Amino acid sequence: MRRSLVVGNWKMNGTLASAELLVKGIIAGLGENIADIAVCVPYVYLPKVSELVKNTALALGAQNVADKSSGAYTGEISAAMLSEFSCKYALVGHSERRSYYGDTDESVAARFCQAQEQNITPILCVGETLEQREQDQTFAVINAQLDAVINLAGIAAFDAAVIAYEPVWAIGTGKTATDEQAQEVHRYIRQYIAAKDQAIADKIQILYGGSAKPDNAKGLFAMPDIDGGLIGGASLDAESFLKIYHSI
Ligand code: 13P
């Protein structure tokens, strides 16, 4: 049985004061340890939040990581820097990074490897745009996104990674994939991994992201290949994030 995981992606939201309130609110409402839970916070809030989550079940993550280990890369943050703040996870290849900041399949693969070199679990985000879905390109897009990482890191690297399926058309739009639409792609991803390594496919957590909310989380999480969620907007409020967590 795979353990579930719920991750909040705060994106570029909040203040230092609201970050503190939010984290304290989440910790206060965690209750029974039913699944893994983490928040991916803006880089500058890592020092504060890493102190707040110490000795709690709430893990810390970053929203990206550099594709190089160190050097003259102005504005980048290395995996070694993230590990100084006890980051357990780093998102790589979020669609907002891919579409607004030019993160390519190849640079996403390099970021994935950089995270793992510091024992940070990469959360590899994959997903198709509406246009790609309408042109029946969903599986081809996901193949390419997965292959870039498999080719660089090897399938064995997925033993210490998480995959998040985030259909771009569902992110921040209020248009969630139906339980069946999401399950279809999650099953496809698991089978794609299984064709290369069955044990890893059985073990890997595959999260759904895209307008996941307290009122639709239960249905999504009940699907056999959905192991939790990557939550944007609804993770900015402790109560709604906790409701999603408790839907596991
Ligand atoms: P929303 O939950 O706001 O749609 O965002 C999803 C997402 O992009 C999480 O990484």
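Figured I'd write up the structure that's included with this text. The structure presented is a predicted model; accordingly, all values stated were derived computationally and were not measured.

**Things to note about the packing of aromatic side chains**
As enumerated under the stated definition, the model contains five aromatic pairs in all. Arranged with centres 6.3 Å apart and planes meeting at 85 degrees, the rings of Tyr100 and Tyr101 form a pair that is edge-to-face. You'll find Tyr100 and Tyr101 in the same group, each marked exposed. With a centroid separation of 4.1 Å and an interplanar angle of 15 degrees, the aromatic rings of Phe139 and Tyr188 are classed as stacked. Of the two residues, Phe139 is situated in helix H7 (residues 138-153) and Tyr188 in helix H8 (residues 179-194); the sequence distance between them amounts to 49 residues. You can call Phe139 partly exposed: its relative accessible area is 31%. The exposure class assigned to Tyr188 is buried, which follows from its relative accessible area of 19%. An aromatic cluster is built from Phe139, Tyr188 and Tyr192, whose rings are joined through pairwise contacts.

**Focus on the packing of helix H1 (residues 16-28) against helix H2 (residues 46-53)**
Helix packing geometry: the angle between the two helix axes and the distance between the axes. Packing of H1 against H2 leaves a shortest axis separation of 10 Å and a crossing angle of 20 degrees. Judged by the angle between their axes, H1 and H2 are roughly parallel. The handedness of the crossing between H1 and H2 is right-handed. On H2, the residues that touch Leu16, Glu20, Val23, Lys24 and Ile27 of H1 are Lys48, Val49, Leu52 and Val53.

**Here's the deal with the side chain of Ser235**
With respect to the helices and strands, the residue Ser235 is situated in the loop between strand E8 (228-231) and helix H11 (238-245). With relative accessibility at 0%, the residue Ser235 sits in the buried group. At 2.7 Å, the side chain of Ser235 forms a polar contact with the backbone oxygen of Gly232. Once you skip the residues sitting within four places of it in the chain, Ser235 turns out to touch Gly8, Asn9, Trp10, Leu22 and Phe241.

**Brief notes about the pattern of salt bridges**
The final tally for this structure, using the stated rule, is 15 salt bridges. We note a salt bridge from Glu128 to Arg133, for which the minimum N-O separation is 2.8 Å. Given a relative accessible area of 0%, Glu128 falls into the buried group. Here Arg190 and Asp225 are joined by a salt bridge, their closest N and O atoms 2.6 Å apart. Here Arg190 is found in helix H8, whereas its partner Asp225 is found in the loop between helix H10 (217-221) and E8, with 35 residues between them in sequence. Just as Arg190 is buried, Asp225 falls in that class too.

**Quick look at the site of the ligand**
With respect to spatial proximity, the complete set of residues near the ligand consists of Asn9, Lys11, His94, Glu166, Ala170, Ile171, Gly172, Gly210, Ser211, Leu230, Gly232 and Gly233. The side chain of His94 places a nitrogen or oxygen atom 2.8 Å from an oxygen atom of the ligand. Take Ser211: an N or O atom from its main chain is 2.7 Å from an oxygen atom of the ligand. For the ligand, whose unbound accessible area comes to 310 Å², protein coverage reaches 96%. Broken down by class, the residue content of the shell around the ligand amounts to three nonpolar, seven polar and two charged.

**A short note on the sheet that holds E8**
Reading around the circumference, E1-E2-E3-E4-E5-E6-E7-E8 is the order of the eight strands in this closed barrel, with parallel pairing throughout. Strand-to-strand twist of the sheet, defined as the mean angle between neighbouring strand axes without regard to direction, takes the value 25 degrees. Bridge analysis of strand E4 (residues 89-92) against strand E5 (residues 121-126) gives four bridges, and the strand direction is parallel. Across the sheet, residue Tyr89 finds its bridge partner in E5, namely Thr121. Helix H5 (residues 105-117) contacts E4 and E5 of the sheet and is inclined by roughly 160 degrees relative to E5.

**Focus on unusual backbone geometry**
Here Asn55, not a glycine, exhibits a phi torsion of approximately 60 degrees, which is positive. Positionally, Asn55 belongs in the loop between H2 and strand E3 (58-62). A residue is classified by how much of its surface remains accessible, and Asn55, at 81% relative accessible area, is exposed. Located in the positive-phi region is Ser86, a residue other than glycine, with phi close to 55 degrees. The class for Ser86 is exposed, based on a relative accessible area of 54%.

Parameters at a glance
- Residues numbered from 1 in each chain as written.
- Predicted model: local features only at pLDDT ≥ 70, side-chain atom pairs only at ≥ 80, totals over all residues.
- Heavy atoms only, no water.
- Phe/Tyr/Trp six-rings, centres within 6.5 Å; stacked < 30°, edge-to-face > 60°.
- Buried < 20%, exposed > 50% of the residue type's maximum accessible area, 1.4 Å probe, protein only.
- Helix = DSSP H or I, 4+ residues; strand = E, 2+ residues; numbered from the N terminus.
- Axes fitted to C-alpha atoms, helices over the stretch in contact; angles between N-to-C directions.
- Parallel < 35°, antiparallel > 145°, perpendicular 65-115°, else oblique.
- Left-handed = near helix turned anticlockwise from the far one by under 90°.
- Contact = heavy atoms within 4.5 Å.
- Polar contact = N/O pair within 3.5 Å; in protein donor to acceptor, adjacent residues only side chain to side chain.
- Salt bridge = Lys/Arg side-chain N within 4 Å of Asp/Glu carboxyl O.
- Near = heavy atom within 4 Å.
- Areas by Shrake-Rupley, 256 points an atom, 1.4 Å probe, with all protein chains shown as cover.
- Nonpolar A, V, L, I, M, F, W, Y, C, P; charged D, E, K, R; others polar.
- Pairing = 2+ DSSP bridges.

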